[in-house]
Amino acid sequence: MDTPYWLLDEELLKNNLKTLAGIKEATGVKILLALKGYALWQSFPLVSQYLDGCCASGLHEALLSDEKFGKETHTYSPAFKAHDIPKIASISHHLVFNSPAQFKAFSQMAKEHNPNISLGLRVNPQYSQAPVELYNPCGLYSRLGTTKENFDTSILEALEGLHFHALCEEDASALSAVWQAFEEQFKTYLPKLKWLNLGGGHHITKEGYDQVGLITLLNKIQTDYPNLQLYLEPGEAVGWETGTLVASVVDIIHNGMDIAILDISAEAHMPDTIIMPYRAEVHNAGKAGEKAHTYRLTGNSCLAGDIMGDYSFEYPLKIGDQIIFEDQMHYTMVKSTTFNGIPLPSIAVKRGDGSIECIKRFGYETFRDRLS
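Let us look at the structure shown here. (Residues numbered from 1 in each chain as written. Predicted model: local features only at pLDDT ≥ 70, side-chain atom pairs only at ≥ 80, totals over all residues. Heavy atoms only, no water.)

Notes on the overall build of the protein chain
Move 1: Within the protein chain, the secondary structure is distributed over eleven helices and 17 strands.
Move 2: On C-alpha atoms alone, the protein chain measures out to a radius of gyration of 22 Å, which is about the 21 Å that the 2.2 N^0.38 rule sets for 372 residues.
Move 3: Taken along the three principal axes of its C-alpha coordinates, the protein chain extends 65 × 45 × 45 Å.
Move 4: Taken across its 372 residues, the protein chain has 53% of its residues classed as buried.
Move 5: Carbon and sulfur atoms form 50% of the exposed surface of the protein chain, whose accessible area is close to 16900 Å².
Move 6: Side chains of the protein chain carry 31 positive and 45 negative charges; the gap between the two charge centres is 5 Å. (Helix = DSSP H or I, 4+ residues; strand = E, 2+ residues; numbered from the N terminus. Rg over C-alpha atoms; globule rule 2.2 N^0.38 Å. Buried < 20%, exposed > 50% of the residue type's maximum accessible area, 1.4 Å probe, protein only. Areas by Shrake-Rupley, 256 points an atom, 1.4 Å probe, with all protein chains shown as cover. Lys, Arg positive; Asp, Glu negative; His and termini not counted. Charge placed at Lys NZ, Arg CZ, Asp CG, Glu CD.)

In structure tokens:
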């Protein structure tokens, strides 16, 4: 099929889901899909066989969870608008507020629209080992979650759960350290609550992740606080290494080095490579100078910094060659834009029998209608 396109491998996705299901079975924890990281709803019939629902970051993600996933919907936002509460509450199982002020402002309204909704508060344990400050929810002056100092005990009567999120692509040891900080500050409230959400950032499906350590920690928490239903909400761990972004070389120029211009954009289609930043792996490529022919791979936009990086190949590239970026299912589609009018890549799925099906193509109307 014509490039560019994202290609999801269903069997690789299923392997990740089976790993997560194993954690559920060993601990009794419920696992939610974090839509902010992976929201390819055409795969939800498969994902919903293994996970318990979705965590949403506002009205639109909550609607997607309710419409396409059809299991539990847990909704959190740094700040809700009053006019969104009735609809969000009506389709959510858990509603998590970021501050006591918002809890007091909207909890009664939420209950009026869904008497069975469970209300929670996100707290900030003020400890994190996040490797990049941009992705540190507990960093200095963070707006995300209520600190112990600002906890308002007047909400306890209506409060049923707490939520914290402090990880970013981290191992069970990092969660253990965060748990210690959280428990030290908030353990007084735990015996009277119904649930505890330990957030996302758990790199459970990455090779080498300490799954035994995670199981041990979760079971200890459950033993110490048997009244709590525990939740995890990974996003990246669901989509980790389950698919690629396939591009083609459109032109090759030389300006001090060989430069290949591709039919995608780092800025528009894989923005975390610029923001975080990180270097995406390319199939059958090495670092600059490792193989015979080195190229700078660049995007087809007018942004000077639209650069994927420098890669080397065994053979010279030529116009029309495909360039396959590995591990591009998470935090790509959900962040992609039509910047500079560049078309969005199509979305394709590799089925279990090896066949490839294109499930979505984007055209001019996608660009036009976002601006109308």
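Re the packing of aromatic side chains
Move 1: A full pass over the atoms with the stated rule returns twelve aromatic pairs.
Move 2: Each ring, one from Phe-97 and one from Phe-103, has its centre 5.5 Å from the other, and the planes form 70°; the classification is edge-to-face.
Move 3: With a centroid separation of 6.5 Å and 85° between ring planes, the pair formed by Tyr-311 and Phe-325 is classed as edge-to-face. Note that Tyr-311 is positioned in strand E14 (residues 307–313) and Phe-325 in strand E15 (residues 322–325), a separation of 14 residues in sequence.
Move 4: On the basis of relative accessibility, which here comes to 1%, the residue Tyr-311 falls in the buried class.
Move 5: Members of the aromatic cluster, joined through ring pairs, are Phe-151, Phe-164, Trp-179, Phe-182, Phe-186, Tyr-189 and Tyr-225. (Phe/Tyr/Trp six-rings, centres within 6.5 Å; stacked < 30°, edge-to-face > 60°.)

A closer look at the pattern of salt bridges
Move 1: This structure, assessed with the given rule, holds 13 salt bridges.
Move 2: For Lys-24, the salt bridge is made with Asp-52, and the minimal N-O distance between the two is 3.2 Å. Highlighted residues: Lys-24 in helix H1 (residues 10–27) and Asp-52 in the loop between helix H2 (44–47) and strand E3 (53–56), separated in sequence by 28 residues.
Move 3: A salt bridge links Arg-296 to Asp-310; the nearest nitrogen and oxygen atoms lie 2.7 Å apart. Highlighted residues: Arg-296 in strand E13 (residues 293–298) and Asp-310 in strand E14, separated in sequence by 14 residues.
Move 4: By relative accessible area, Arg-296 is classed as partly exposed at 29%.
Move 5: For Asp-310, a relative accessible area of 23% corresponds to the partly exposed category. (Salt bridge = Lys/Arg side-chain N within 4 Å of Asp/Glu carboxyl O.)

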